[in-house]
Amino acid sequence: MDTENTPVKQEYNITVYTENQIGLLSRIAIIFTRRKINIDSLNTSPSEIESIHRFNIVINETEDVVRKVTRQIEKQVEVLKVYYNTNEDVIWQEMALYKVPTDTIAEKASVERLLRENGARAVVIRKDYTVFETTGHREETDNLTAALQPYGLIEFVRSARIAIIKDSEGFNCKLREFERTEPGQDVVENEYLNSREKVFTM
Amino acid sequence: METAQQEVLTAKEPDTGIELTGSVALLEGLVVEGVDTIFGYPGGAIMPIYDALYDYSDKLKHILVRHEQGGIHAGQGYARSSGKVGVVFATSGPGATNLVTGLADAQLDSTPVVCITGQVFAHLLGTDAFQEIDVINITSPVTKWNYQITDATEIPEVLAKAFHIARSGRPGPVLIDITKNAQLQKFNFKGYTPCRHIRSYRPKPIVRKEYVEQAAELINSAKMPFVLWGQGVILGNAEQEFKAFIEKSGIPSAWTILGAGVIPNDHPLNVGMLGMHGNYGPNVLTNECDVLIAIGMRFDDRVTGRLDKYAKQAKVIHLDIDPAEIDKNVQTTVPVWGDCKETLPLLTSLVETKQHAEWLERFKEFEKKEIDALIREELFPTCEEMTMGEVIQSLNELTNGDAVIVTDVGQHQMVACRYAKLNHTRSNITSGGLGTMGFALPAAIGAKFGALDRQVVAIIGDGGVQMNIQELGTIMQSGVDVKIIILNNQFLGMVRQWQELFNERRYSFVDITSPDFVKVAEGYGIHGKSIAKREYLKDALKMMLEHEGSYLLEVMVKKENNVFPMVPQGCSVSEIRLA
Ligand SMILES: Cc1ncc(C[n+]2csc(CCOP(=O)(O)OP(=O)(O)O)c2C)c(N)n1
């Protein structure tokens, strides 16, 4: 088989800039579901610009599929811009929290060293347990999880990936330009949603 | 509400507000948008809007359909024949879910419709209240945009956005769901301003001149260029620009079924229909041309057949308004992003004046073969039973290609698309992308309201007509004038054809019995006739066309007749079969 022409799957980081709009997450999710693509990681949060949100989506696919998917996403009315990048093109991080029994940490010196080596930081220290935090790539946080397992790891949680594109000035100035020429409209707050029967009954 | 007050509402003084309910504000917006006809069906959750509509009957004609699916198909037919936005009202729950098929149809065929659905009170959302469904999530995959309004103050702005989105760029269906409290709520209405811009929405990509230049260069160096056009030409109102382009460049051109009618069938450069049941020449020669120029079409699989054997030898130029269509199915050599209304004139100015006489002759040769192999027998049959083709042929003689032809889905659709004479654009209304049986009867009603001065003829199978037959009631009540031809082959014909060809004639549940259609029509006060003999055909068609008001004509046609040519599924376009 001609390997040169066999499309290779790899991780792609999709960055989506959107209006802050109810229902948009499901519209974006549908685009992946339709093509039966699994989302490996999804992070959405307000961007540095008011009223604009940023999605970070990680999928494992061929570039051809990724390109088609990003065009479909960009077609959505509330989407401003979509980029896709390979892992080489971005700096990315995931955050992990580890909950371990405090007494083990205190007693076993090796644990302490392990944490220090992994750059873990204590966020909460209680009598019964301590919560550490690290950030890094998946392998790094995975390694620490495995290493902590024998010491009675109580709970582990990891965030979605966030990524910054290496090769660009960022979308920030572009967005500010957008914003200057066409200021976004304020979203109308729904004052009736929680007032229950007090408002209109028929 | 008094009329005097109504005039104030549209006054152009945006700062002098006026206390209005959300429902009235909505109707005001529709009036400003130029809406004249609404297709709809009332219910509890949309009652405030219907109550307000009572006072607007002089400005907004409302057609009471018999099923919401009929309502949206009528809205689609209206949009397709008029070029305007179709407007549809439905209530919450079952009313809204009944719209889903039509929304999907409109989405795939890029038809601009705005649906307004009622919704339960905002405080009941998410509680499984009576007739509450999550219409936003149900319709997300089948709308270009949708939005739920829970506060009346949002109505003017959201409605304006809805119209802008539905009709701009690549058009499509939009749904606005309005909770009952928002319909009833009074607020300070400051006039209605149509929307022209949405920050995050770019309806058309910026035209890149360098691509137009590259395209022109390719076209100028081509020996056997071939144009495929689709509905994009109609949606962009670019019929004249298209004609100018092909006439200057002298390129043979073929059409997708949604593109039919852009130039008349007898135009010397019109070489016929593409796709599974398209013409022989255009299909075979797709795999021989050296430059393929696709204009406002999306390389649907019914057009391309097997993709890995599709036009591999050709350089491909693709003109499309939707960037997501470029390279989606067929890899292009030169993508020409943009509205073809803008890109075509640019291209025309750069292409050389040419005549591809020899190349055009190849299409003629294939046409001769196709005529000999099957067209003659289909249109002028020697067998005793009538063929669908000869019915269309006789109709052509009487309408002279000036009627709007609305077709349902099945064999009759393919026959009608192949053989109907079309002299004008917006004359072929059919469900292309979704292939929705039940489409034609309601769509024909809408098409007539969208083009009141034109003759509208619906061509429907005996199966499909029974899928929305209740819309005969809409015809009865509204007095709309549509001519209905049922081509009755006593089978779900298209499925039967596949079973015959690919499933060893195992006719599994395609044998369908029908009511006495003429009696059914009579029950609805619609005149009708049924014929089974060739000698009555012309007179019956003539009688139908000359009849004042709607008319139903059933024609009993050959039971087991197949539509050919055919590119069997999974085959290449050059493997098209003549029999
Ligand atoms: C809603 C819907 N259900 C099923 C089908 C599948 N289908 C396609 S063509 C066809 C047969 C249509 O029969 P009829 O209306 O009698 O038309 P004919 O093919 O005989 O002209 C069927 C069942 C469809 N297209 N739409």
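As shown above, the structure is provided for reference.
Residues numbered from 1 in each chain as written. Chains lettered and ligands numbered in written order. Predicted model: local features only at pLDDT ≥ 70, side-chain atom pairs only at ≥ 80, totals over all residues. Heavy atoms only, no water.

Chemist: I keep staring at the overall build of chain A and nothing clicks. Help me out?
Modeler: When helices and strands are counted, chain A shows six helices and nine strands. The 202 residues of chain A split such that 39% are buried. For chain A, contacts bridging at least 24 residues in sequence account for 76% of all contacts bridging at least 6. When the accessible surface of chain A is split by element, carbon and sulfur atoms take 50% of a total near 12300 Å². (Helix = DSSP H or I, 4+ residues; strand = E, 2+ residues; numbered from the N terminus. Buried < 20%, exposed > 50% of the residue type's maximum accessible area, 1.4 Å probe, protein only. Contact = heavy atoms within 4.5 Å. Areas by Shrake-Rupley, 256 points an atom, 1.4 Å probe, with all protein chains shown as cover.)

Chemist: For this particular structure, what's the right way to read the sheet that holds strand S4 (residues 86-90) of chain B?
Modeler: Through backbone hydrogen bonds, the strands of a sheet pair up, either in parallel or in antiparallel fashion. All names here are of chain B. Pairing is parallel in the open sheet, where six strands are placed in the order S3-S2-S4-S5-S7-S6. In the strand order of this sheet, the two ends are held by strand S3 (61-64) and strand S6 (145-149), each with one partner. For this sheet the average axis-to-axis angle between neighbouring strands, irrespective of direction, equals 20°. This element, helix H2 (residues 22-32), spans strand S2 (37-40), S4, strand S5 (113-119) and strand S7 (173-179) of the sheet and lies at about 165° to S4. (Pairing = 2+ DSSP bridges. Axes fitted to C-alpha atoms, helices over the stretch in contact; angles between N-to-C directions.)

Chemist: For this particular structure, what's the right way to read the packing of helix H16 (residues 357-379) of chain B against helix H18 (residues 411-419) of chain B?
Modeler: Residues and elements named next belong to chain B. Axis separation between H16 and H18 bottoms out at 13 Å; the angle between their running directions is 110°. One finds that H16 runs roughly perpendicular with respect to H18. Residues Glu370, Leu374, Ile375, Glu378 and Leu379 of H16 pack against Val415, Arg418 and Tyr419 of H18. Here the residues of the contact of H16 with H18 are counted per class, giving five nonpolar, no polar and three charged. (Parallel < 35°, antiparallel > 145°, perpendicular 65-115°, else oblique. Nonpolar A, V, L, I, M, F, W, Y, C, P; charged D, E, K, R; others polar.)

Chemist: I'm lost on the pairing of S3(B) in this one. Help?
Modeler: On any regular strand, side chains alternate: one points to one face of the sheet, the next to the other face. All names here are of chain B. Direction of pairing for S2 relative to S3: parallel, over a ladder of four bridges. Bridging across to S3, Gly40 finds its partner in Leu64. Since S2 and S3 lie parallel, the crossover through helix H3 (residues 47-53) that links them has a hand, and here it is right-handed. (Right-handed = clockwise from strand over helix to strand, strands pointing away.)

Chemist: Would you explain the site of the ligand in this entry?
Modeler: All names here are of chain B. As a structural note, the neighbourhood of the ligand is formed by 18 residues, with Gln411, His412, Gly435, Gly464 and Gly493 the closest of them. Within the contact set of the ligand, a nitrogen atom lies 2.8 Å away from a backbone nitrogen or oxygen of Gly435. Within the side chain of Asp462, one N or O atom sits 2.9 Å away from an oxygen atom of the ligand. Contact with the protein chains removes 76% of the 580 Å² of surface that the ligand exposes when unbound. Looking at the shell around the ligand, the elements that each hand over two or more residues are H18 and helix H21 (493-502). Broken down by element, the shell around the ligand gets its largest block of residues, three residues, from H21. Of the residues assigned to the shell around the ligand, the class counts are eight nonpolar, nine polar and one charged. (Near = heavy atom within 4 Å. Polar contact = N/O pair within 3.5 Å; in protein donor to acceptor, adjacent residues only side chain to side chain.)

Chemist: Is there a simple way to think about the sheet that holds strand S18 (residues 483-488) of chain B in this case?
Modeler: All names here are of chain B. The parallel open sheet is built from six strands, whose spatial order is S16-S15-S17-S18-S20-S19. Pairing within the sheet leaves two strands with one partner each, and these edge strands are strand S16 (428-429) and strand S19 (527-531). Sheet strands touched by helix H19 (residues 440-450): strand S15 (404-407), S16, strand S17 (456-461) and S18. Its angle to S17, the strand with the most contacts, is close to 175°. Lying on the sheet, helix H23 (residues 534-546) is in contact with S17, S18, S19 and strand S20 (551-556); it crosses S20 at an angle near 165°.

Chemist: Help me understand unusual backbone geometry in this model?
Modeler: With the exception of glycine, the majority of residues adopt a negative phi angle, and the majority of peptide bonds are in the trans configuration. At the junction of B:Phe564 and B:Pro565, the peptide bond is cis and its omega measures out at 0° in the coordinates. As for its position among the elements, B:Pro565 is in the segment after S20. A positive phi angle, near 75°, is found at A:Ser51, a position not held by glycine. Inspection of the secondary structure assignment puts A:Ser51 in the loop between strand S2 (39-46) and strand S3 (52-61). Positive phi outside glycine occurs at B:Phe509, with the angle close to 55°. Looking at the element boundaries, B:Phe509 is found in the loop between H21 and helix H22 (517-523). Among the residues examined, B:Phe509 registers a relative accessible area of 79% and is labelled exposed.

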